[in-house]
Structure formats: C-alpha cells, structure tokens
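# Coordinates in review
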Amino acid sequence: MAVELCLLLLLFCGSTISEVQPIYKPPPGTLDFGFVPAKTYDTGAYHEPGPIGILFKIVHAFLYLVQPNSFPQDLIRKLAQQKFGNTQGDYQKPENVVLTLQAIYYEIGFIVSAALGLLFILLLPLVGLCFCMCRCCDNCGGEMHQRQKKNADCQRSCFATFLFVASLIISVGVLCAYAANQHLTNQVRGAKKLVNSNFKDLKVFLNDTPAQIDYLVSQYNTTKDKALSDLNNVGPLLGSRVQEQLGKEVRPALDAALTMAGAIRETKEALENVSVSVEVLQEGTERLHSNLTEVKTHLSNTLNDSACSAAQAASTCNIIRNSLSQLNINANFSGLPGVSSQLAKVNDVLKIDLSSLVQKGYAAFNDTPDLVVNQTRNILSAVPYIKNVLESIGSNITTFTKALPVQKILADLTIYLTQSEAYVQDYFPLVEQYDFYRWLGCLILCCVLVLILVFFYLGLLCGTCGYDKHASPTTRGCISNTGGNFLMAGVGFSFLFSWVLMIVVVLTFVTGGNVEKLVCEPFEDKTLFKVLDTPYLLNQHWKNYLSGLLFKNPNINLTFEKVYSDCKENKGIYTSLHLEHLFNINEFLNVSMYTEDVALKIEHIQINLSKIILLDEIGKENLLNFSSSGIEGINFAAYLTEINKSVTKVDLLSFANDLEARADQLPKGALENALKGHANNIRVIHNQQVVPLEQAMKYVKARSTLNQSIRLLKRTSSELMVKVKNVISAVNAAQLLINNNASFVIVQETKKYMDTIVGYFEQYIEWVKESIAMEVAACKPIANVIDTAVDIFLCSYITDSVNAFWFGLGGSSIFLIPAIIFAVKLSKYYRRMDTEDVYDDSVEQW
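Predicted model, so just to flag it, every value in this text is computed and none were measured. (Residues numbered from 1 in each chain as written. Predicted model: local features only at pLDDT ≥ 70, side-chain atom pairs only at ≥ 80, totals over all residues. Heavy atoms only, no water.)

## Thoughts on the side chain of Ser771
By the element assignment, Ser771 lies in helix α27 (residues 720-774). A relative accessible area of 1% means that Ser771 is categorised as buried. At 2.7 Å, the side chain of Ser771 forms a polar contact with the backbone oxygen of Trp767. With near-sequence residues (within four places) excluded, Ser771 lies in contact with Val36, Leu216 and Val776. (Helix = DSSP H or I, 4+ residues; strand = E, 2+ residues; numbered from the N terminus. Buried < 20%, exposed > 50% of the residue type's maximum accessible area, 1.4 Å probe, protein only. Polar contact = N/O pair within 3.5 Å; in protein donor to acceptor, adjacent residues only side chain to side chain. Contact = heavy atoms within 4.5 Å.)

What follows is the structure in structure tokens.
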C-alpha cells in the first residue's frame, strides 16, 4: 500500500494550480476554509449626468450626423506604425498619400463643418465692415427716408415675428451653453471626492493583499489537521470503508439466512395452528353430523308409516323422502390429512437456534473495524513522522511567502500612491483656479450673446409698444425710435463679436468632437483597447507591450483589454496580470521532496479477515433439514376446499320450512304432526349447532387461522428447496469473498481512503486557485481608476460639457445671421425718418 500512497502523493505534488488530475476523485469530506478577508470598495465608477443628459444625447446625435463612420481601427494602426520623415518626399510616398486621404475621408464631416465655421469667421466681419460703410453712404438702409407701402404692416409683423423666433432660438442656445459651462464647473468641484475615493480604494487594495495571502497560507493548517486526524483514525475509517464494501455481499446473504430462520419459526406456528384449528372444526362438525343423522333416521321412520301409503299423502311423502339426502354436513374436516409428521420434523429443526448462529455471523462481520484497527498499528507508528513532514511543509510555505517580493512591491506602490495623492491634493486647488478662469471666460462669451439678446428684446419691446400706425415715419414717437436704435445696436454688437464666438466654437468643436469619436466611444465598446493591443504598435520590438513592460517578455499573451475586463469583473490581480510568470504559486504546494521519506515510513497494509465466520456447517445443515421437512407434501387444495364450503349441504331453516309446508298438504292427523315435529327439531339443530359453527368466535377464529396458516405454508413450501439452496449459496459466496477476495477489497478501499486524504489537499489547491483568481488582490480599483480618468473625467465631465457648450454657443452664433437681417429690416419701421413718401409703392432700395 505504500507504493500506491507514494504514487498518489507524487501525482498530488506534481500537479499545478491550474491543472490537477487525480487518479480517483472521491467525494471527500468538504473542508471549510472560511472566507478570504476582504473589504468592499467605495468607488462607483458610474456617472449619471441628470437632466442635462438629454442635451448630451442630442449632441451625440448631432455628432453622429457629422461623423457617422465607425472607429477607424486599421487606419489608426497604420498611422501609428507609419514612419513620416522630415523630408518632403516621405509625405509624397504612395502609401502615405493613401493614409492621408483615408484620414481626410474619415474626418470629412469635421473638416466641412470647420470650413464653414472658418468661412463664417472670415466673411461676417467683412460683411459687417461693408455694411457699415454702405450705411455711412446713406445706402443699405442708412438713408433716413421710408417709402410707404400698402403691405407695410404685414411686413413689419413678419419681420418682428422672425426676429423674435430667432432670438428665442439664440436664447435656448445661450441657456445650453451656460448649463454646460456650469455643469463642468460643478463636476470639477465635486471631483475631489471621487479622486479621494479612488485613492482610498487603492490603499485598501494594497493594505489588504498581504493579509489575504497570509490567510491563504494559514489555511494549510486546516488541510494538515484534517489529514492527520484521518491518519490517526485510520482503523475505524478504513475499517468502516472495508465493512461497507464487503457488506454489499455479506449483509444480503445474512439477511436472507435470518429471514429463513424466521420462516422456520413461522412454519412451526402455522403447523400448530392447522392442527388445533382442524381439531376444533372436526369436533363441531362431528356433533352436527350425529344430530342430522338422528333426525334423518327419525324422519325416515315417520315416512315409512302406513299413513304415507294413502293416495293423498303418497306423492308428498315421496318428495320428502327424496330430499332426506340433503340433511348432511357439507364441510367434512374429519377427512383432512394430518400435519403431525411435518410438525415433528420442524420441531427437530428448531432444536438448533439458527437465528443465534446468524447473529454470531453479524457480530463477527461487525467486528471488521476492530480487526482493521488492530492490524493497522504500523500506520499509526508513522503518523508522528508524517506530522513532522507536514509541519515542515507548512514552515517552508511560510518562508517562501516571506521571501516573495510582494511586500517590497506593495511598499513601493504604497509610497508611490501616497506621493501621487499628495501631488493631486496639492495641485487640485490650482485646477479649480484654472477652471474658474475657464468658467469666467465662457460666462463672458454667454454674456456677449445675452447683451445682443437684450438689445433685440428691448428693440422688439419698445418698437412694438411705441409703434403708432397712424403716425407718419417722420412723426414716430420716441419709444418706437428707441426700439429701432436698440435693434441696430444689437446688429452692431453681432458683427463685432460673432466671429470671436465662432472661433471658440470651431476650436472646441474640432477638439471635443474628435475626443468623443476617437476616445470616448471606442473606450466604451473596448475597441480602443484592441488598438492598443496591436502587436508591435507601441513598441516596434515587442509583440505584446504590456507583458514586455511588466515581465520583460513580450511573447506572453497579456493584453490591455483582457486586464481591464478582468479587473472590471473584480478578479484577482494574479489572474488578471498573469503574475505566474513573475512568481509561481505552485511552489507553495510543492512537497515532492518529502514523499520518498514518507513512503519508507509507511509499510504495506495487510489485513486478515479469515476469522470472520458468517454461518457454520451446523447452520447450513439446519437449513437443509428444514427444506426436507415435508411441508411441501401437504394437500393444501383439500384444506382450502373444505374451508370454503358451507356447514351443511342445504339451509336447514329452508328445509324445515319446506317440510312444514308439505306437512300442511297432508290430511290432519298423526303424520302431519310428526312431520311438523321433525321440522321443529331441524330448526333447533340449526339454531344450536349450525349458527355457532358459522358465527361463534371459537369456530370463526379457527376457520380464519386455518385459512391463513394453510396459505402461509403454501407460500413457504413453494420451491422451498431452491430457496434454501440460494440462501446457502449466497452465504458461501459472501464467505468466499471474505476468505479469498477480501485482500482485493481492502486494497481498493485503502486506495480510496488515501485518495480521500489527498482529496483534502486537492480541495486546498482548488480553494487557493479560486481565491487567488477571484478574491485575493481583487483589482476592481484599477479598473475604477481607468473608468474615473477616462469615462468620467475626460468623457462625462469634460468632453460632454465642452461639446454641449459649443453646440449651444454655435447654434446661437449661426442664428445671429437671420437675426441681423430681420433686425435691420425691422428697425426701418421703428426709427423716426427725416423724410417720407406716402404715395410711392415702388420697391425699396437700401
């Protein structure tokens, strides 16, 4: 058995944490290793923008219209890998020209939009300058003369309506820009809490990792203690296993023998019941038979009287005479064969207590664990040495743990983390200060638009309220004239600042739009990581940049996408970063150097169970004697036939009534009276003898007992010899198994027992593997840091807010163009003119 133990231990020690393949894997007792100590992380790397999220979605939809193309993975890879030199010829190479055209095609939406913006920036100041000079020359509406038209009121109303609508749209754009500006400032101010939460989680991550590793190592003691406990109890445990396996053959055989012993006792009782019941029934039927015979004799004598010879009575007497044969018993128990010989033979069989012999077999078999205990003391003598070996293994694991660079790495990371946190804390006020400057600048831009809107709204208000349709252009009121002046002031400020606003819009549009399309969207669907994982992209000599950076081995398949996904699922950093290439956890569990010494101390287990006797020859002979007791020769059909018969052949009451009725047919006289007397005697016999035989408990019980006993004997005697031989064969087979094949069973169960011992260590290995993969140093904080930096800070806070700002500001700037046109047109109807022409309906030139 030592050889098998050595093989199992060698296989166990040679297994790796990722590949455990035992020969046999029984269901060992489940070990409870508890829970790896871990704290929950506070950071929730998810941002809900609130109501302004509707604006962000609108901006995203607009960007999709501008740039509907998917993320250009291949183009970015080629651009990153392409070498552009400093000479003009490098850019004129065909491959570089193709890449440039592909980049232009991808950015065509942004390029066209930016070109339109630049056109706006260039043309609007120029148009404003020309417009100003034109008005100075009394053209373009500068001449203070208005020709009256029939549809003047309609035109004025249309111009006022269009200007009001344009102003409303500009107002909405200003509100969007202001909301985005304020949202960015609010998020920057609240970012400190999120940053602190990330640093806190990283500290928890670093501080808990050593305790988690120590906990994994300490749980080796649970496995060791369980293994030693089972080795200390090798006798009872192994004995119970051997007994369980042998019991699959032994117990059914002994149970069958014990059942047969019970059948012998039941057969004796049944035979006794048959004998007694038959005697009781015979007694009752014999007395009835005697009385019926006497009545029949007297009745026959009466019918032989001369009175029956008369013509009137002859036929009736003949009928009665012919029915006398029915006055007899039907169930005749006196003719049944006896069972005394069978009962005597069964009593001889019972002189030997077969049940006691079978119980001795049970007792001998139940002593199997004690036999194993007495014959496995050589194992117990090796337990102290094995215990020392396991203690040495635990000490080596602890020493190896301390020798790992984990503590140094964690200490260095803690120092770096502390410095980074201090750096962020020091510069965060500066960030807030610069954000204030940005917020103030954006607010000024919004205020410029608000100023223009104020002029437009005041012009509309004053012009509409002060306009008098009965007044001529030269006699318009002061309020109406002021309204016209406000409108022209709005026009002037629009020409002055609209191009400045558009410069800001173009710059933020190109920057924010491309960040959204080239960073935020591919980060969300992880295509950005696929680009970063392109072989030889970040380093032309490294196939996998991350593994080359961490392990100086770029051939290890370690990708940014896989690490981020694993950390997002809160898996252990050992699995996420494939740290087995840095230090292999299998060395924790490598105890192969000790297996030879353990094998030398453990000898073959030799257990002899030949002392177990299940059933001796006397018991077997007793069973054979029972099979030849002759109970199968009993005429069960005769018994069952008599039991099922009625007591008499005819119902005596019916016979008596019929006799009395026929006596009434006879002439009055002695014959009639004699026959009626016989009828009364028959009734008395029925009431005093037949009814008790049918209803009295004594006879009913006798009939029932006889019926049950006969049926039991019939079942028992059915193939009795075959049944007995089967029982003896089963006992002999079980005895043969114990005498000749027990060693094989013992070897099998010993092997399974040692597999159970090894199974404890396999449980430890699986638990360590699962804990390291999922619980130890769970790297969720790393994924949270990335999500916080990119998804929340860059995309949700900054990019979405910047895009919403240029969207509102740009929309307002564009709608300044129709507002300028309508304001100039409308001001002509509000300002006081120097001259007028009431009757001229020609087209107005300005």
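## Here we look at the confidence of the model for the protein chain
Chain-level statistics for the protein chain give a pLDDT mean of 74 and a share of 65% at 70 or above. Of all secondary-structure elements in the protein chain, the lowest mean pLDDT belongs to helix α1 (residues 2-14), at 30, while helix α2 (residues 53-66) reaches the highest, 92. Low pLDDT, under 50, characterises residues 1-28; the stretch is placed with 61 contacts to residues that sit more than four places away or in other chains. Below pLDDT 50 for its whole length, residues 839-846 participates in 16 contacts with residues either more than four positions away or in separate chains. (pLDDT = per-residue confidence, 0-100.)

## Let's talk about the nonpolar core
Counting residues in hydrophobic clusters, the biggest one holds 53 residues, and the most contacted among them are Leu163, Phe456, Val491, Phe805, Leu809 and Leu826. The set of elements that each furnish at least two residues to this core consists of α2, α6 (108-136), α7 (152-218), α15 (406-466), α16 (478-524), α28 (780-814) and α29 (816-830). The element contributing the most residues to this core is α7, with ten residues. When sequence neighbours within four positions are dropped, the list of residues in contact with Phe456 reads Leu163, Ser167, Leu487, Gly490, Val491, Ser494, Ala819 and Ala823. Counting 39 residues, the second-largest nonpolar core is a separate cluster that includes Tyr220, Leu410, Cys567 and Ile757. (Core = buried A, V, L, I, M, F, W, Y, C linked by side-chain atoms within 4.5 Å.)

## Observations regarding the packing of aromatic side chains
Per the counting criterion, the structure on display carries 22 aromatic pairs. One aromatic cluster in this structure is built from Phe62, Phe110, Phe509, Trp806 and Phe807. (Phe/Tyr/Trp six-rings, centres within 6.5 Å; stacked < 30°, edge-to-face > 60°.)

## So, α16
Relative to the 69 Å expected for 47 residues at 1.5 Å per residue, α16 spans just 61 Å between its end C-alpha atoms, considerably shorter than the ideal helical length. Phe497 marks the point of greatest bend in α16, at about 40°. (Expected span 1.5 Å × (residues − 1). Bend = angle between axes of the 7 residues up to and from the residue.)

## Some details on the state of the cysteines
Evaluation of the coordinates by the stated rule reveals two disulfides. The disulfide partner of Cys520 is Cys795, and the gap between their sulfur atoms is 2.1 Å. Given an S-S torsion of about -100°, the disulfide between Cys520 and Cys795 has left-handed geometry. Here Cys520, found in helix α16, pairs with Cys795, found in helix α28; they are 275 residues apart in sequence, far enough to count as distant. (Disulfide = S-S within 2.5 Å.)

## Quick word on unusual backbone geometry
As a rule of thumb, non-glycine residues mostly have phi less than zero, and peptide bonds are mostly trans rather than cis. One non-glycine residue, Lys526, lies in the positive phi region at around 70°. Within the secondary structure layout, Lys526 lies in the loop between α16 and α17 (527-532). Residue Lys526 is classed as partly exposed on the basis of its relative accessible area of 26%. With a phi close to 55°, Ala777 is a non-glycine residue in the positive phi region. Summarising the element assignment, Ala777 is placed in the loop between α27 and α28.

## As for the packing of α7 against helix α8 (residues 220-232)
Look at α7 against α8: their axes get within 4 Å of each other, and the N-to-C directions meet at 5°. Comparing their axes, α8 and α7 come out roughly parallel. Touching Leu216, Val217 and Ser218 of α7 are Tyr220, Asn221 and Thr222, all from α8. Here the residues of the contact of α7 with α8 sort into three nonpolar, three polar and no charged. (Axes fitted to C-alpha atoms, helices over the stretch in contact; angles between N-to-C directions. Parallel < 35°, antiparallel > 145°, perpendicular 65-115°, else oblique. Nonpolar A, V, L, I, M, F, W, Y, C, P; charged D, E, K, R; others polar.)

## Here's the deal with the packing of α7 against α29
For the pair α7 and α29, interaxial distance at closest approach is 9 Å and the crossing angle is 145°. Judged by the twist between their axes, the crossing of α7 over α29 is left-handed. Here Ala152, Gln155, Arg156, Phe159, Ala160, Phe162, Leu163, Ala166 and Ile170 of α7 come into contact with α29, specifically with Leu816, Ala819, Phe822, Ala823, Lys825, Leu826, Tyr829 and Tyr830. Here the residues of the contact of α7 with α29 are counted per class, giving 14 nonpolar, one polar and two charged. (Left-handed = near helix turned anticlockwise from the far one by under 90°.)

## A few points about the environment of Ala166
By secondary structure assignment, the location of Ala166 is in helix α7. Along the sequence, Ala166 and Ile817 sit 651 residues apart, while their C-alpha atoms lie 9.2 Å from each other. What Ala166 contacts, discounting residues up to four positions off in sequence, is Phe815 and Ala819.

## A closer look at the layout of surface pockets
Reported here for the second largest pocket is a volume of approximately 660 Å³. Lining of the second largest pocket is provided by 24 residues; of these, His47, Glu524, Asp791, Ser796 and Asp800 occupy positions nearest its centre. Of all the secondary-structure elements, those providing two or more residues to the lining of the second largest pocket are α2, α16, α19 (560-568) and α28. For the lining of the second largest pocket, a count of residues per class yields nine nonpolar, five polar and ten charged. (1 Å grid on protein atoms, 1.4 Å probe; cavity = no way out; pocket = protein on both sides within 12 Å on 5 of 7 lines; lining within 4 Å. Points joined across faces, edges and corners; volume = space filled by probe spheres on them.)

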